[in-house]
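Geometric and topological summary
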4 protein chains.
Amino acid sequence: MERQSAQAAWERRTERPLLALAVGFALAYAVPIVDSTASRSLTELCTGVEWVVWGAFAVDYVIRLGLAPRRAEFVRRHWPDLCAVVLPVLQPLRLLRMVSTLLLVGRRARMAPQIRLTTYVVGSVVGLLMFGSLAVLSVERGSPHGNIRTLGDAVWWSFTTMTTVGYGDHAPTTGLGRMIAVGLMLSGIALLGVVTANIAAWFLSQFEKDDVEERRQTEAIAVLTEEVRLLRAEVARLTERRPDHHH
Amino acid sequence: MERQSAQAAWERRTERPLLALAVGFALAYAVPIVDSTASRSLTELCTGVEWVVWGAFAVDYVIRLGLAPRRAEFVRRHWPDLCAVVLPVLQPLRLLRMVSTLLLVGRRARMAPQIRLTTYVVGSVVGLLMFGSLAVLSVERGSPHGNIRTLGDAVWWSFTTMTTVGYGDHAPTTGLGRMIAVGLMLSGIALLGVVTANIAAWFLSQFEKDDVEERRQTEAIAVLTEEVRLLRAEVARLTERRPDHHH
Amino acid sequence: MERQSAQAAWERRTERPLLALAVGFALAYAVPIVDSTASRSLTELCTGVEWVVWGAFAVDYVIRLGLAPRRAEFVRRHWPDLCAVVLPVLQPLRLLRMVSTLLLVGRRARMAPQIRLTTYVVGSVVGLLMFGSLAVLSVERGSPHGNIRTLGDAVWWSFTTMTTVGYGDHAPTTGLGRMIAVGLMLSGIALLGVVTANIAAWFLSQFEKDDVEERRQTEAIAVLTEEVRLLRAEVARLTERRPDHHH
Amino acid sequence: MERQSAQAAWERRTERPLLALAVGFALAYAVPIVDSTASRSLTELCTGVEWVVWGAFAVDYVIRLGLAPRRAEFVRRHWPDLCAVVLPVLQPLRLLRMVSTLLLVGRRARMAPQIRLTTYVVGSVVGLLMFGSLAVLSVERGSPHGNIRTLGDAVWWSFTTMTTVGYGDHAPTTGLGRMIAVGLMLSGIALLGVVTANIAAWFLSQFEKDDVEERRQTEAIAVLTEEVRLLRAEVARLTERRPDHHH
């Protein structure tokens, strides 16, 4: 129990700093893609920042593993985190590093008790829109037949994809770009699901309010309670009368 | 409490006139876009009407703020209204004025107690379709590569966008047009959500009706009540018998 | 009450024949469109059949109005039927006649007690797919820039529209065609809503089953009942003991 | 009863081997399509494997029919299985054989008690994506105007179809290809439905938790129980006092 709370305390304490690092990562990832004429040194700086942020989350994972009461179970329950920590070392691709960091940020955020599902999904949708646009832009700009060449097009394409509108005026042509697109589509479906579910839940919470059966029950219980009260009065009267039949 | 009701009374009383003004705004906004050969004077008249309607809603906001029991809280709770009141002054763009007025109308309508969520969403969907078509038409007609040049195309495009069908036979090419499109897509998803939620709620209200557990409970309570009645009878008999053991 | 049941009886009795007529209408509508080289006489025969079927539903409406206990209320509640009965007379367009008949069939079918919402929506979706394809084909085949020229294309387009996929390889170009398309899109959204709602309802009916609070209540009631039984036993013992303290 | 359990036992025992065969079928179906330069012998081997797997499921159906307590009812309830068993014999098309086998696998899987709806739909979605891509590729590669010529395009197209995004950069042009597409669209809508329903169910299970009415009931029952306890105490006191009024 003691150690469990130690882990919880660590997670609570590191929440904010890690979030700040995540924002830093976003900037470091965006800069070299948006400004394609960025100087070599600037690009290297951004790459450095990316590695640092990823490293911070890797360390966080290791520490949480150390604080976890049952290590084996922790690793089993958080296996995607483990992949996200190990993969960038094996294969230091920029895109892979981004996905790993996003995954770590996302799974870490979900643990925060105050974040409700809606906030979480909306948040990740916004994040995916941003990173999806940037990633597709960096991938498609290079391809010969690519039709996503400006940041504007990339963002516009992300929206048409995530809302499943899909005009087709812009569409990825490379394998990597299409993988990113699939990610956006699936998260778009999740977004749609959450929106619908929210509204449905709101509707039904209205419905619940006037549940006929339940109200009938409440009345039945009230009647019964009255019944028992009368009975007690009766028995009380009975007890009163006892003394005065002695003489 | 007294002032609160004063605010409520004002809101009730001004509901209808403000709605009429909203319709007026719609017309004033539509005319110069639909009839692109409108005379200078007519265009100026429409612009005037737009300013008047926006002004009316701005005044309404100020008065409601004046009648509000807790001003600070009112401003906090209605910050979008404040933006919608201030922005057109800072940046007198036609599109911005339209968005601000729509926002004021929408948020005002939502306060009307008799308007249920469905009515509200369907209403805003229709409004968004109309204004979205007009706005996109006025924006895209100007652009060199634009493919939305007639009102018919604009309306058709709005429908394909809001239902997330997105044929892509028509699609906005300018930044502004695409922002409007994103608004339509998101409200389309909301529409889809409300339709689904409505049907789901209807289904479940059927389900609720035959809740096994609850019926079992009702029976249990009935049995118990019977039990207590028998008990009372017993105690009553007991009380009867008291007198005849005196002599 | 008696007349009400008369109306109900009529609706029950005429259900099947009217359904058969609806099928006949479908055939009569399809033939001249599918086989565009149909002989003049055949086309006229089909038009005749269409008028007969529409007429049958019109008569059905009038008779139900006659049997209705409260006529004014009947007209108010069934105003779309009234439009569908009157319009084809004012404006004898083929498309309008088709829409009117579909509307009459649909609203009549919904009254059948045994038809559940799902069956109803699925049924109308299939109907709309079929009639939508035929209507769009007959409209678009004529237009110069139309790209829906064969029945195959029309059916394929209907599916891509109703499922909101919207590839855009085929899309209506005429105003009429686009109106039909909007109808298909909206019914597609309804279809999606019903599918989702059905699954959600199924899920929740599972959830409902294990409602913790309710089970706790049932136990509480059981405990209470036991409590009362013990009490009765006690009072019973008390009553027993009364006799043997007389002598 | 005894025979029923015999059938159940058979279904339990054959579950795994049949699943393995299904995987084998997938491979045998994929190879000749992916590697279009496959040697004649290899292609024939694959065709053989397909026939064997289909045959195994056909035999499984016959045995289950034999073990079924009520044969007529079994045939009625499993009529699609019957079609899937008979059709490939009448019409030995590759595509038809694939559909039949998929249908048999799917309906068999649904009977497994431990498979929940979500798992089932997700599983079939993945299966449909894979087989849909392969089938469309094999069909469209042949057509003159086809634009789905590589496996990559086919998979990409399947995703854009199933998520109802439908860019239209790739779309089937042949009748067969379009039938497959419709299957993918419909299963995509089902996927969307399950995702939404899952989230909605999750939300509502939260809502349920704090049901005001129910908590009020629980309290009412508690109060009542207390009431009865007091009553018992009273009666107990009454019983105590009996002895000491004899002398």
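All values derive from a computational prediction rather than experimental measurement. (Residues numbered from 1 in each chain as written. Chains lettered and ligands numbered in written order. Predicted model: local features only at pLDDT ≥ 70, side-chain atom pairs only at ≥ 80, totals over all residues. Heavy atoms only, no water.)

Turning our eyes to something else, we now look at the overall build of chain A. In terms of helices and strands, chain A carries nine helices and zero strands. Among the 247 residues that make up chain A, the fraction classed as buried is 47%. Across chain A, the fraction of contacts at a sequence separation of at least 24, relative to all contacts at a separation of at least 6, is 64%. Carbon together with sulfur atoms contributes 68% to the accessible area of chain A, which is approximately 12,100 Å² in total. (Helix = DSSP H or I, 4+ residues; strand = E, 2+ residues; numbered from the N terminus. Buried < 20%, exposed > 50% of the residue type's maximum accessible area, 1.4 Å probe, protein only. Contact = heavy atoms within 4.5 Å. Areas by Shrake-Rupley, 256 points an atom, 1.4 Å probe, with all protein chains shown as cover.)

What UniProt calls "domain: Potassium channel" (unreviewed entry) maps, in this numbering, to residues 136–203 of chain A. In residues 136–203 of chain A, helix accounts for 68% and strand for 0%; the two terminal C-alpha atoms are 38 Å from one another. (UniProt positions renumbered as here; feature names shortened; annotations may be inferred.)

Attention shifts here to the packing of aromatic side chains. A full pass over the atoms with the stated rule returns 24 aromatic pairs over all chains. On the numbers, 5.7 Å between centres and 20° between planes, the contact of Trp156(C) with Tyr167(C) is stacked. With Trp156(C) in helix α7 (residues 151–162) and Tyr167(C) in the loop between α7 and α8 (175–209), the pair connects residues that are eleven residues apart, well separated along the chain. For the pair Trp156(C) and Tyr167(C), one class covers both residues: buried. Between Phe25(D) and Tyr29(D) the ring centres are 6.2 Å apart and the planes differ by 15°, which places this aromatic pair in the stacked class. With Phe25(D) and Tyr29(D) both in helix α1 (residues 2–34) and four residues apart, this pair spans about one turn of that helix. Overall, the relative accessible area of 2% leaves Phe25(D) in the buried class. (Phe/Tyr/Trp six-rings, centres within 6.5 Å; stacked < 30°, edge-to-face > 60°.)

What follows deals with a nonpolar patch on the surface. Residue and element names in this part refer to chain A. Together, Leu82, Val86, Leu87, Val89 and Leu90 make up a nonpolar patch on the protein surface, roughly 420 Å² of accessible area in all. The topology assignment puts leucine 90 in helix α4 (residues 79–90). Judged by relative accessible area, which is 61%, leucine 90 ranks as exposed. (Patch = residues over 30% accessible without salt bridge, like charges linked within 9 Å, V, L, I, M, F, W, Y side chains within 5 Å. Salt bridge = Lys/Arg side-chain N within 4 Å of Asp/Glu carboxyl O.)

Next up on the list: helix α4 (residues 79–90) of chain B. Residue and element names in this part refer to chain B. For α4, with twelve residues, the first-to-last C-alpha span of 16 Å sits near the 16 Å given by 1.5 Å per residue. Listed as buried for α4 are Pro80, Asp81, Ala84, Val85 and Pro88. All buried residues of α4 fall inside an arc of 145° around its axis, so they share one side. What points out from α4, more than 90 degrees from its buried face, is the exposed set Trp79, Val89 and Leu90. The secondary structure elements touched by the buried residues of α4 are α2 (40–67), α3 (71–77) and α5 (94–111). (Expected span 1.5 Å × (residues − 1). Arc of directions from axis to C-beta.)

A few words now on the nonpolar core. Grouped together as the largest cluster of nonpolar side chains are 200 residues, with contacts concentrated most on Tyr29(A), Tyr29(B), Tyr29(C) and Tyr29(D). Leave out the neighbours within four places in its chain, and Tyr29(C) touches Glu50(C), Arg94(C), Leu95(C), Met98(C), Phe131(C), Leu134(C), Ala135(C) and Ser138(C). By size, the runner-up hydrophobic cluster in this structure holds 24 residues, among which are Ile221(B), Leu231(B), Val235(B) and Val228(C). (Core = buried A, V, L, I, M, F, W, Y, C linked by side-chain atoms within 4.5 Å.)

Turning to the UniProt feature "transmembrane region" (unreviewed entry) in chain A, a few remarks are in order. The positions UniProt marks with the feature "transmembrane region" (unreviewed entry) are residues 117–137 and 179–205 of chain A. Span residues 117–137 of chain A is 100% helix and 0% strand, its end C-alpha atoms 29 Å apart.

Here we take up the packing of helix α5 (residues 94–111) of chain D against helix α6 (residues 117–140) of chain D. Residue and element names in this part refer to chain D. For the pair α5 and α6, interaxial distance at closest approach is 11 Å and the crossing angle is 170°. Accordingly, the angle class assigned to the pair α5 and α6 is roughly antiparallel. Between α5, through Leu95, Met98, Leu102, Gly106, Arg107, Ala109 and Arg110, and α6, the contact on the second element is made entirely by Tyr120, Phe131 and Ala135. Classifying every residue of the contact of α5 with α6 gives seven nonpolar, one polar and two charged. (Axes fitted to C-alpha atoms, helices over the stretch in contact; angles between N-to-C directions. Parallel < 35°, antiparallel > 145°, perpendicular 65-115°, else oblique. Nonpolar A, V, L, I, M, F, W, Y, C, P; charged D, E, K, R; others polar.)

Positive phi values are uncommon outside glycine, yet Thr164(C) reaches one of about 55°. Mapping Thr164(C) onto the fold places it in the loop between α7 and α8.

Another point: the side chain of Thr161(C). Structurally, the position occupied by Thr161(C) is in helix α7. On the accessibility criterion, Thr161(C) (0% relative accessible area) is buried. Looking at Thr161(C), its side chain comes within polar contact range of the main-chain oxygen of Trp157(C), at 2.8 Å. Contacts of Thr161(C), omitting those with residues within four sequence positions, involve Val165(B), Tyr167(B), Ala181(C), Leu184(C) and Met185(C). (Polar contact = N/O pair within 3.5 Å; in protein donor to acceptor, adjacent residues only side chain to side chain.)

What follows concerns the packing of helix α2 (residues 40–67) of chain A against α4(A). Two measures define how a pair of helices packs: the angle their axes make with one another and the distance between the axes. All names here are of chain A. It is at 10 Å that the axes of α2 and α4 come closest, and there the two elements cross at 135°. Of the possible angle classes, the one that applies to α2 and α4 is oblique. Where α2 crosses over α4, the two elements pack in a sense that is left-handed. Facing Trp51, Trp54, Ala58, Tyr61 and Arg64 of α2, the residues of α4 in contact are Asp81, Leu82, Ala84, Val85, Pro88 and Val89. Residues of the contact of α2 with α4, tallied by class, amount to nine nonpolar, no polar and two charged. (Left-handed = near helix turned anticlockwise from the far one by under 90°.)

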